[in-house]
Amino acid sequence: MSALAAKRIVILTGAGISAESGIKTFRAADGLWEEHRIEDVATPEGFAANPERVQRFYNGRRRQLLSDAVKVNPAHIALAELEKRFDGECLLVTQNIDDLHERAGSDDPIHMHGELLKMHCTRSGEVFEIHGDIHAELSCACCGKTGTLRPHVVWFGEMPLQMPCIEAALSQCDLFIAVGTSGNVYPAAGFVQLARHAGAHSIEVNLEASSQHSYFDEHRHGLASEVLPRLCEEILASS
């Protein structure tokens, strides 16, 4: 039987799949994120020290995401088609905070690191959609206060979202695919090991081998927009 003849699939996507759509990858070689120190714009401490700087940073990223320059690519579309046509269970988990999977037609991906087009109240935790800027004068709909709203993004030092659901799926899957991930950020970097423990076949789709490459059974190197459509068709043909 083909290793791709799966009944339960978990797919993890990272920055590499969105890079082909015009979104910069999270961390450059110099340790900066769009010319900002990670500690300044992606930690609770950075937000507490200078909330205006953090809001400006994410407001700029949100405007970029909503610009005409950012579009879905064939990799996003291939995954959405796989979800629709696959007869078994297929869970899409993304480390990305953009909405490109949804634009491509994926119904309910898990955004384990949050979503750029959402904000939440630091008092109540209630989540709201946001397509404009978050600024200090913006009052919260749930508490009426100003200064309580922040990007609905998981920062370093915070717990990723929906981990019990993700871990449960990994413990039962028979095929795990990681797309465009560096393998450097935990807990996502450990997903392949959880899947392997469950007996799943594992495939890495990346431009080059990640830091977790030795844990994968199979490697498909190249652009996700070229590799994923072929892989998804192979899975559908085997199911």
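Below, the structure is looked at part by part. (Residues numbered from 1 in each chain as written. Predicted model: local features only at pLDDT ≥ 70, side-chain atom pairs only at ≥ 80, totals over all residues. Heavy atoms only, no water.)

## Considering the overall build of the protein
How we decide: Strands here mean DSSP runs of E at least two residues long; helices mean DSSP runs of H or I at least four residues long; both are numbered from the N terminus. The reference for a compact globule is 2.2 Å times residues^0.38; the radius of gyration itself is calculated from the C-alpha atoms. With a 1.4 Å probe rolled over the protein chains alone, any residue whose accessible area is under 20% of its type maximum counts as buried; one over 50% counts as exposed, and the rest are partly exposed. By definition, residues are in contact when any of their heavy atoms lie within 4.5 Å. Values of accessible area rely on a 1.4 Å probe in the Shrake-Rupley scheme; residue burial ignores everything except the protein chains shown. We treat Lys and Arg as the positive residues and Asp and Glu as the negative residues; His and chain ends play no part in the count. By convention, the charge on Lys lies at NZ, on Arg at CZ, on Asp at CG and on Glu at CD.
The number of helices and strands found in the protein is 9 helices and 11 strands. A compact globule built from 239 residues would reach a C-alpha radius of gyration of about 18 Å, and the protein, at 18 Å, matches this within 12%. C-alpha atoms of the protein, sized along the principal axes, occupy 60 × 35 × 35 Å. Residues counted as buried form 47% of the 239 residues belonging to the protein. Contacts spanning at least 24 positions in sequence make up 64% of the contacts within the protein whose residues lie at least 6 apart. Total accessible area on the protein stands at roughly 11400 Å², and carbon and sulfur atoms take up 50% of it. Charge separation in the protein, taken as the distance between the mean sites of 21 positive and 33 negative side-chain charges, equals 4 Å.

## Considerations on the side chain of Asn 96
Counting through the fold element by element, Asn 96 comes out in the loop between strand E4 (89-94) and helix H6 (100-104). Residue classification places Asn 96 among the buried positions, given a relative accessible area of 6%. Leaving out residues up to four positions away in the same chain, Asn 96 has contacts with Thr 13, Gly 14, Ala 15, Ile 17, Ser 18, His 111 and Gly 114.

## A closer look at unusual backbone geometry
Both trends apply: most residues other than glycine have a negative phi, and most peptide bonds are in trans. Residue Pro 187 is reached from Tyr 186 by a cis peptide bond, and omega for that bond is 10°. Its place among the elements puts Pro 187 in the loop between strand E9 (175-179) and helix H8 (191-197).

## Overview of the state of the cysteines
Formally: Any pair of cysteine sulfurs within 2.5 Å is marked as a disulfide.
Counted by the stated rule, this structure contains 0 disulfides. Left unpaired, Cys 121 is separated from the closest cysteine sulfur, that of Cys 140, by 3.7 Å. For Cys 121, a relative accessible area of 1% puts it in the buried group.

## Structural notes on the environment of Ile 177
One can find Ile 177 in strand E9. The class of Ile 177 is buried, set by a relative accessible area of 2%. Here the alpha-carbon distance between Ile 177 and Val 10, two residues 167 residues apart in the chain, equals 6.5 Å. Once residues within four sequence positions are removed from consideration, Ile 177 is found in contact with Ile 9, Val 10, Ile 11, Leu 12, Ile 203, Val 205, Leu 231 and Ile 235.

## As for the sheet that holds strand E8 (residues 149-153)
Stated precisely, the cut-off is as follows: Two strands qualify as a pair provided that DSSP identifies no fewer than 2 bridges between them. Between N-to-C directions, angles span 0 to 180 degrees; the directions come from axes that are lines fitted to C-alpha atoms, helices contributing only their stretch in contact.
Taken together, 3 strands build an open sheet; the order of strands is E7-E6-E8 and the sheet is antiparallel. Only two strands of the sheet have a single partner each, and these edge strands are strand E7 (127-129) and E8. Averaged over neighbouring strand pairs, the angle between their axes works out to 45° when direction is ignored. Note that strand E6 (residues 114-121) and E8 share 5 bridges and pair antiparallel. In the strand pairing of E8, Met 119 is matched with Pro 151. Here helix H4 (residues 51-65) sits on the sheet and contacts E6 and E8; the angle it forms with E6, its principal contact strand, is near 135°.

## Description of the packing of aromatic side chains
So the rule is basically this: For Phe, Tyr and Trp, where Trp contributes only its six-membered ring, two rings pair if their centres lie within 6.5 Å, and the inter-plane angle classes them as stacked under 30 degrees, edge-to-face over 60, or tilted in between. Throughout this description, the term charge over a ring refers to an Arg CZ or Lys NZ atom that lies within 6 Å of the ring centre and within 35 degrees of the ring normal.
A full pass over the atoms with the stated rule returns 4 aromatic pairs. Where Phe 57 meets Tyr 58, the ring centres are 5.0 Å apart and the plane angle is 90°; that geometry is what we call edge-to-face. Like Tyr 58, Phe 57 is buried. Ring centres of Phe 176 and Phe 216 lie 6.2 Å apart, and the angle between their planes is 20°; this geometry places the pair in the stacked category. Here Phe 176 is found in strand E9, whereas its partner Phe 216 is found in the loop between strand E10 (201-206) and strand E11 (218-221), with 40 residues between them in sequence. The same class applies to Phe 176 and to Phe 216, which are both buried. Put simply, the rings of Phe 47, Phe 57, Tyr 58 and Trp 155 pair up and form one aromatic cluster. Of note, Arg 150 hangs over the ring of Trp 155, and the distance from its end group to the ring centre comes to 3.7 Å.

## Side note on the nonpolar core
Going by this rule: We define the nonpolar core as a collection of buried residues of types Ala, Val, Leu, Ile, Met, Phe, Trp, Tyr and Cys that are connected through side-chain atoms lying within 4.5 Å of one another.
Counting residues in each nonpolar core, the largest one holds 23 residues, and the members touching the most others are Ile 177 and Ile 235. For this core, the secondary structure elements donating two or more residues are strand E1 (8-13), helix H5 (74-85), E9, E10 and helix H9 (224-238). Top element by residues in this core is H9. It accounts for 7 residues. Formed by 18 residues, the second largest nonpolar core is a distinct cluster that contains Val 10, Leu 91, Met 112 and Ala 195.

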